[in-house]
Every structure is written in C-alpha cells, then in structure tokens.
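# A look at the structure
These are the residues of each chain, in order.
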Amino acid sequence: MRNINDLPRIPLGLFPTPFYKLEVISARYGKNIWIKRDDLCGVALGGNKVRKLEFLLADAKNQGCDTVFTTGGAQSNHAMLTAACAARAGMKCILLLKKRGVTEHRGNLVLNDIYGADVRFVDTDSYDDIYAEMHRIGGELAGRGHKAYEIPVGGSNPLGAVGYVSCVREFTIQALAAGIRVGHIVSATGSGGTSAGLLLGAKLFQPGVKVTGIGVDDDPFDRIVPDLAAGAAEILNCAFTREADDFRSVCRMGDGYAIPNPADTPYIHELARTEGILLDPVYTGKAWAGMLELLKEGYFDGEDDLVFVHTGGAPALFAIDLP
Ligand SMILES: Cc1ncc(COP(=O)(O)O)c(C=O)c1O
C-alpha cells in the first residue's frame, strides 16, 4: 500500500481537527457519540472540502495549472471552499454555479466574492451543460496561455476521496488516545466522496467499523460510494472489497436537495443549545437528525461508539432560514 503521506498534497487546513465526546447528547440518547469537527479545519468557516482540495490542488499544480474550475449549486460550500483554497494556493478560481436555489448575494455567494472568485451562473439543471461550458472557457484560457484544472462537483473523484481516508487515519489515532472503540461512522452524503473516503479509511484503519451516509439528495449512493472507494484504493495501491453492510446509504432528502426538513429543526436547536455546535439545514442538519432517528430505531444497537463527522456547511445558515 502506498503511504498517504507520499501523495502530493498542499497543506491548506489545520489538522488534526478536534475529536471529542458529546457528553450531554450521549447521556440524553444513551449512546456514546463522538464528533469529528471538520467544520473547524481552519479555512473559511471550515468544511469537508478542504481535505479533498489538499490533494486536488496539488495535482492541479503538478500539472502546471494556474486556474481551477469547479461547480455546484448557487450556495455550494464546495465551490466556496475551492475559491478559498485556490486563493491560498495562489491560483485563479472560476466557479460555474447552477442558477438554482438562493442566488441573492447571501451565504456562500458573499464569501466567494471575498475570496476573489470569478462567479458565473449557468441557467441549467444539468451538470453536463456546465462541464461543456467549462471546456469552452478552458479552451479560451488556453488560447491566452493559461491552463485550467477541472474539479468535479463536490470534489468527489477518487483523488478527492483520499482526503477522507486520511481523516479516518487521523481520528483512529485520536480514538486510540481516548481509549475508545468506534462502531459506526456517520456523515452527510451529497456527491459521495466523503463517504467513499470514510468507507475505505474504515477498512484500512478500523476494520469491522461500519459507515452510514445520510443522503441529502436521491443519487444512487449505494453504487457511487463503493465505486469511488475502489478508485481511491487504486490510487493508494491497496485492496478494496465490498462486504455486506460495510456501507449503507440512508436518504433524508425530504422535499428536495437544499430544501430544509422541518423535522430537523429541533435536532439542530438541540445540538446548538447543549453542545454549542452549529449544523446547517442542507447537509449536516439532515445527517445529524437522520442519525439520531436511526439511533432511536435501534439501528446502532449492540455496536461500539458512534462517530459523527461534522462536514461544515455553516454559511447556509445565512442564506436559508430554518423552517
Ligand atoms: C457541508 C457539507 N457536508 C457534506 C457534504 C457532502 O459531501 P460529499 O459531497 O463528499 O458527499 C457537502 C458537499 O458539498 C457539504 O458541503
């Protein structure tokens, strides 16, 4: 197996992020629940994309690129963090955002401007249209002597997923230091790269530990996540074998992607009012509420401690009201 430390990587975040037990919530729900605070990773308002971008932007630089492209919804956290990380890496950033959702100058759109990104809206529901536009602009830039690197939506390709293999390695050490045994890892799933990295990381560093991704849209994550994990395993030159129940995707999209679920609001309030932690209504609020409802149904019964990976998303709180 290739050592993750040997892969090209630009240090962008402040790692390790904190890992600790949620004392009040654990007592209230009768289960030891730990949190991995990737919302506190030191770039912008934090979030899961920074770990992916450390590898993706290193690849971009190694290919001689001076510009990065990416895409997402109007309020994409991934796009905003790409703008932030590209700025840190000294690269120009062009964001082609779907003209869908909250397109007013709020939330992540404010931050994109602060980070100096070139933001362009594309009036389409299809990422294929957006990638075609990226190729077109990339061609124009090439004519002017620039080289652009395309990062897919969510930074979810096998190289991006390696960022979350590295996250599991990081909290495996933290869990050992705390003297605990992890039974199950839960996080939000939007494009699949985070869950894929967690799945492969669990196999490598925490054998037997299960991963559940709470889906915030209705993509077929049962297929997407293992495929991305297999791609990440190729990069790391290690084996990846799918086993029954090693990964499950549970959909909590509700009425649609980026449409908050009213049922999540009490859970969002509870975590804020007990542990002081903010969740957003698009990703982490859905994932956290979904996890606690699964817990109440007995989904994690008989297993060791639960780890919730907090993937960020706070800017949405300033663009989308909680119902
Ligand atoms: C805050 C937050 N959490 C979770 C996710 C989902 O991660 P992934 O796209 O790797 O599935 C995203 C993706 O944009 C996100 O912004």
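Residues numbered from 1 in each chain as written. Predicted model: local features only at pLDDT ≥ 70, side-chain atom pairs only at ≥ 80, totals over all residues.

Spatially, the 4 strands line up as an open sheet ordered S5-S4-S3-S6, and their pairing is parallel. Each having just a single partner strand, strand S5 (118–122) and strand S6 (148–150) make up the two edges of the open sheet. Adjacent strand axes in the sheet meet at a mean angle of 25° when their direction is disregarded. Direction of pairing for strand S3 (residues 67–72) relative to S6: parallel, over a ladder of 3 bridges. Bridged to Phe-69 within S6 is Glu-150. Strands S3, strand S4 (92–98), S5 and S6 of the sheet are contacted by helix H5 (residues 127–143), whose axis makes an angle of about 165° with S3. (Pairing = 2+ DSSP bridges. Helix = DSSP H or I, 4+ residues; strand = E, 2+ residues; numbered from the N terminus. Axes fitted to C-alpha atoms, helices over the stretch in contact; angles between N-to-C directions. Contact = placed C-beta atoms within 7 Å.)

Near the ligand you find 19 residues, and of these Asn-77, Gly-190, Thr-194, Thr-311 and Gly-313 are the closest. Only helix H3 (77–88), strand S7 (182–189) and helix H7 (193–205) provide two or more residues apiece to the shell around the ligand. Of the residues forming the shell around the ligand, the biggest block, 3 residues, is contributed by H7. Of the residues that make up the shell around the ligand, three or more belong to each of domain 1 (4–48 + 156–318) and domain 2 (49–155). (Near = placed C-beta within 6 Å. Domains from an automatic or database assignment.)

Once that is clear, we can look at unusual backbone geometry. Negative phi characterises most residues that are not glycine, and trans characterises most peptide bonds. The step from Phe-15 to Pro-16 runs through a cis peptide bond, and the omega angle for that step is 0°. Tracing the chain through its elements places Pro-16 in the segment before strand S1 (19–21). One non-glycine residue with positive phi stands out, namely Ala-44, at about 50°. In this fold, Ala-44 is placed in the loop between strand S2 (33–37) and helix H2 (49–62).

Moving on: the sheet that holds strand S8 (residues 210–215). If you walk across this open sheet you meet the 6 strands as S1-S2-S10-S7-S8-S9, and the pairing is mixed. At either end of the open sheet lies a strand with only one pairing partner, and these are S1 and strand S9 (247–251). Neighbour to neighbour, the strand axes of the sheet diverge by 25° on average, direction disregarded. Note: S7 against S8, 6 bridges, orientation parallel. Considered in S8, the bridge of Val-186 is made with Thr-212. Here helix H8 (residues 221–235) sits on the sheet in contact with S7, S8 and S9, set at roughly 140° to S9.

Attention shifts here to the pairing of strand S10 (residues 305–310). For a regular strand, the rule is simple: side chains alternate between the two faces of the sheet. Extensive coverage of S10 is indicated by the burial of 5 of its 6 residues. Pairing analysis gives 4 bridges linking S7 to S10, with the strands arranged parallel. The partner of Val-182 across the bridge, within S10, is Asp-305. (Buried ≥ 20, exposed ≤ 12 C-beta atoms within 10 Å, placed from the backbone.)

On to the packing of helix H9 (residues 265–275) against helix H10 (residues 284–296), then. It is the contact of H9 with H10, at a shortest axis distance of 9 Å, that shows an interaxial angle of 95°. The angle between H9 and H10 places the two elements in the roughly perpendicular class. In this structure, H9 uses Tyr-267, Ile-268 and Leu-271 to contact H10, whose residues at the interface are Gly-285, Trp-288, Ala-289 and Leu-292. Looking at the contact of H9 with H10, its residues break down into 6 nonpolar, 1 polar and no charged. (Parallel < 35°, antiparallel > 145°, perpendicular 65-115°, else oblique. Nonpolar A, V, L, I, M, F, W, Y, C, P; charged D, E, K, R; others polar.)

When the domains of the protein chain are assigned, the result is domain 1 (4–48 + 156–318) and domain 2 (49–155). Each of domain 1 and domain 2 was reduced to a C-alpha centroid, and the two centroids are 24 Å apart. Opposite the 30 residues of domain 1 that make contact, domain 2 presents 31 residues. At 7 residues, the largest contribution of residues to the side of domain 1 that touches domain 2 is made by helix H6 (residues 158–178). Per-class residue counts for the side of domain 1 that touches domain 2 are 16 nonpolar, 13 polar and 1 charged.

Let us now look at the nonpolar core. Ranked by size, the top nonpolar core spans 93 residues in total, and within it Val-68 and Ala-232 carry the most contacts. With 9 residues, H6 is the single largest residue contributor to this core. Taken together, domain 1 (4–48 + 156–318) and domain 2 (49–155) each give at least three residues to this core, which thus spans both. Ignoring sequence-local partners within four residues, the contact set of Val-68 consists of Leu-57, Ala-60, Thr-82, Ala-86, Met-91, Cys-93, Ala-148, Tyr-149 and Ile-151. (Core = buried A, V, L, I, M, F, W, Y, C linked by C-beta atoms within 7 Å.)

Next up on the list: the packing of H7 against H8. Taken N-terminus to C-terminus, the directions of H7 and H8 make an angle of 60°; their axes are 8 Å apart at the nearest point. The orientation of H7 with respect to H8, classified from their angle, is oblique. You can see that H7 and H8 cross each other, and the crossing is right-handed. From H7, Gly-193, Ser-195, Ala-196, Gly-197, Leu-199 and Leu-200 reach across to H8, where they touch Phe-221, Val-225, Pro-226, Leu-228, Ala-229, Ala-232 and Ala-233. When grouped by side-chain class, the residues that make up the contact of H7 with H8 number 10 nonpolar, 3 polar and no charged. (Left-handed = near helix turned anticlockwise from the far one by under 90°.)

As a further point, take H5. The terminal C-alpha atoms of H5 lie 24 Å apart, and with 17 residues this matches the ideal 24 Å at 1.5 Å per residue to within 8%. Those residues of H5 that are buried are in contact with S3, S4, S5 and S6. Positive phi shows up at Gly-145, right after H5, with a value of about 90°. (Expected span 1.5 Å × (residues − 1).)

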